[in-house]
Amino acid sequence: MISFLTLIDLFGSQALLPQIVDQFGASTGVVGFAVNAATLGMAVSGLTVAYFADRIDRKKGIWVCLALLSIPTALLSATDSIWVFAGLRVAQGVLMAAAFTLTMTYISEQCDIMAVGGAMAAYITGNVASNLFGRLLAVSTAEIAGLSGSFLAFATLNLIGAALSFILIGPRDASPPRQATPPLEAWRLHWSDPALRASFAIGFLILFIFVGVFTYVNPLLVDTLGVPVMYLGVVYLVFVPAIFTTPMAGSVVKRMGPRRTLQASMSVALVALALTLVSSLTLVLVALAVIGAATFFAQASATGFVSSRAKSDQAAANGLYLTSYYLGGLAGALLLGQVHTQLGWEGTVAFLILATMFCIFTARVMKD
């Protein structure tokens, strides 16, 4: 639930891309960057929280960040500048990533090495649910109360997340352990591990691919395949299969190992990417469902691997992974926005296929 309420703001705005383009009169590329600017704040925040992790009470850090998150979320309802919008999204990203990093580190510290994979899969499942219901909520609320009403609804959910964090996380379990290794040295040690270094690159590529697909597929759905804007939110029922498949990642990794699990997941995504080039709404929706399930499965595998591979200083390892992950999302929004503007969906898919192949190749370093 905390994962769901932490990240519900992150991708919900992607479903509003056509409406935001209309409201601000900016290009798809500019709006795509503004909507995904949260990932810039998240990249910075992940490392910052990891640096100070041994001084931050987990419980207090999570609920305070979620309470503060409601402020920039509510302010999004009042801005008339696309650049102020982008700045508020960065502020959202800082607070979302802080809560996300602290919760993920809390899970790493509370679970033994055999349980952490399943726990991370459960946590990422909350992320999947936030993608689905965040998009549905964004579009349906915008139809009823406009963009302002949509962002005010998200702000309310942020406050509910803060309340649940305050109630559900046990204070005796939430105190940070003192780290024997200075943060910079811990980062250096984690970065010197080829398997962890590969997992950081994989995190970058996973969100690069995900953001590229689910941001820039919207114009394809509306302009080419004829999906009415008012029904765009319903399209994101494609995330429903991922809610059921992602919890299985922990048990699959135990049988197949993280490398083969991740390579198999991204191979499936590779095939599905090619299917999005077919001029059939049914096939495109099936492909989107497969891509969502595959990337979230890979994400659960990668986060579980990082937590189990880092024998100590999990906050430092999680911070490096999440920073790489969020930078991938920012790169996906910025680079693929330009590609989409110049080359359309076909050119965007070509770049996404290359990124997916590189992800599969990089995973060879991970140890089963």
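So, how was this worked out
Residues numbered from 1 in each chain as written. Predicted model: local features only at pLDDT ≥ 70, side-chain atom pairs only at ≥ 80, totals over all residues. Heavy atoms only, no water. Helix = DSSP H or I, 4+ residues; strand = E, 2+ residues; numbered from the N terminus. Rg over C-alpha atoms; globule rule 2.2 N^0.38 Å. Buried < 20%, exposed > 50% of the residue type's maximum accessible area, 1.4 Å probe, protein only. Lys, Arg positive; Asp, Glu negative; His and termini not counted. Charge placed at Lys NZ, Arg CZ, Asp CG, Glu CD. Salt bridge = Lys/Arg side-chain N within 4 Å of Asp/Glu carboxyl O. Core = buried A, V, L, I, M, F, W, Y, C linked by side-chain atoms within 4.5 Å. Contact = heavy atoms within 4.5 Å. pLDDT = per-residue confidence, 0-100. Phe/Tyr/Trp six-rings, centres within 6.5 Å; stacked < 30°, edge-to-face > 60°. Lys NZ or Arg CZ within 6 Å of the ring centre and 35° of its normal. Expected span 1.5 Å × (residues − 1). Polar contact = N/O pair within 3.5 Å; in protein donor to acceptor, adjacent residues only side chain to side chain.

## What about the overall build of the protein?
- Counting its regular elements, the protein contains 15 helices and zero strands.
- The C-alpha radius of gyration computed for the protein amounts to 19 Å, which stays within 12% of the reference 21 Å derived for 368 residues, consistent with globular compactness.
- Taken along the three principal axes of its C-alpha coordinates, the protein extends 55 × 40 × 30 Å.
- Per-residue burial over the protein gives 59% buried out of 368 residues.
- Measuring between centres, the 18 positive side-chain charges of the protein sit 12 Å from its 15 negative side-chain charges.

## Remarks on the pattern of salt bridges
- Taken as a whole, this structure holds one salt bridge when the rule is applied.
- Across the pair R309 and D193 runs a salt bridge, and its minimum N-O distance is 2.9 Å. Taken as a pair, R309 in helix 14 (residues 281-309) and D193 in the loop between helix 8 (183-191) and helix 9 (194-224) lie far apart in primary sequence, 116 residues in all.
- Exposure remark for D193: the relative accessible area of 15% places this residue in the buried category.

## Some remarks on the nonpolar core
- Ranked by size, the top nonpolar core spans 126 residues in total, and within it I20, F85, F214, L262 and Y326 carry the most contacts.
- Apart from residues lying up to four places away in sequence, F214 is in contact with Q14, R135, Y236, V238, F239, L288, I291 and G292.

## Description of the confidence of the model for the protein
- Across the protein, the average pLDDT comes to 85, with 95% of residues at 70 or higher.
- Mean pLDDT values over the elements of the protein span from 72, in helix 10 (residues 232-235), up to 94, in helix 13 (residues 258-275).

## Comments concerning the packing of aromatic side chains
- Taken as a whole and judged by the stated rule, the model has 14 aromatic pairs.
- With a centroid separation of 5.5 Å and an interplanar angle of 85°, the aromatic rings of W63 and F166 are classed as edge-to-face. A residue pair is termed long-range when its members are at least 10 positions apart, and W63 in helix 5 (residues 58-75) and F166 in helix 7 (residues 116-168) qualify at 103 residues.
- A residue is classified by how much of its surface remains accessible, and W63, at 28% relative accessible area, is partly exposed.
- Counting every residue linked through ring pairs, the aromatic cluster contains F210, F214, F239 and F296.
- Seen from the ring of F166, K59 lies directly overhead, with NZ or CZ sitting 4.8 Å from the centre.
- If you follow R364 out to its NZ or CZ, it ends over the ring of F361, 4.0 Å from the centre.

## Observations concerning helix 5
- Its 18 residues place the ends of helix 5 27 Å apart at the C-alpha level, agreeing with the 26 Å of an ideal helix rising 1.5 Å per residue.
- Where helix 5 is buried, its residues meet helix 1 (2-12), helix 6 (82-110) and helix 7.
- The N-terminus of helix 5 is capped by D57, whose side-chain oxygen sits 3.2 Å from the backbone nitrogen of K59.

## With respect to the side chain of Q19
- Its location among the elements puts Q19 in helix 2 (residues 17-24).
- Assessed through its relative accessible area of 16%, Q19 is described here as buried.
- When residues no more than four places from it in sequence are discounted, the contact partners of Q19 are E143, L147 and V229.

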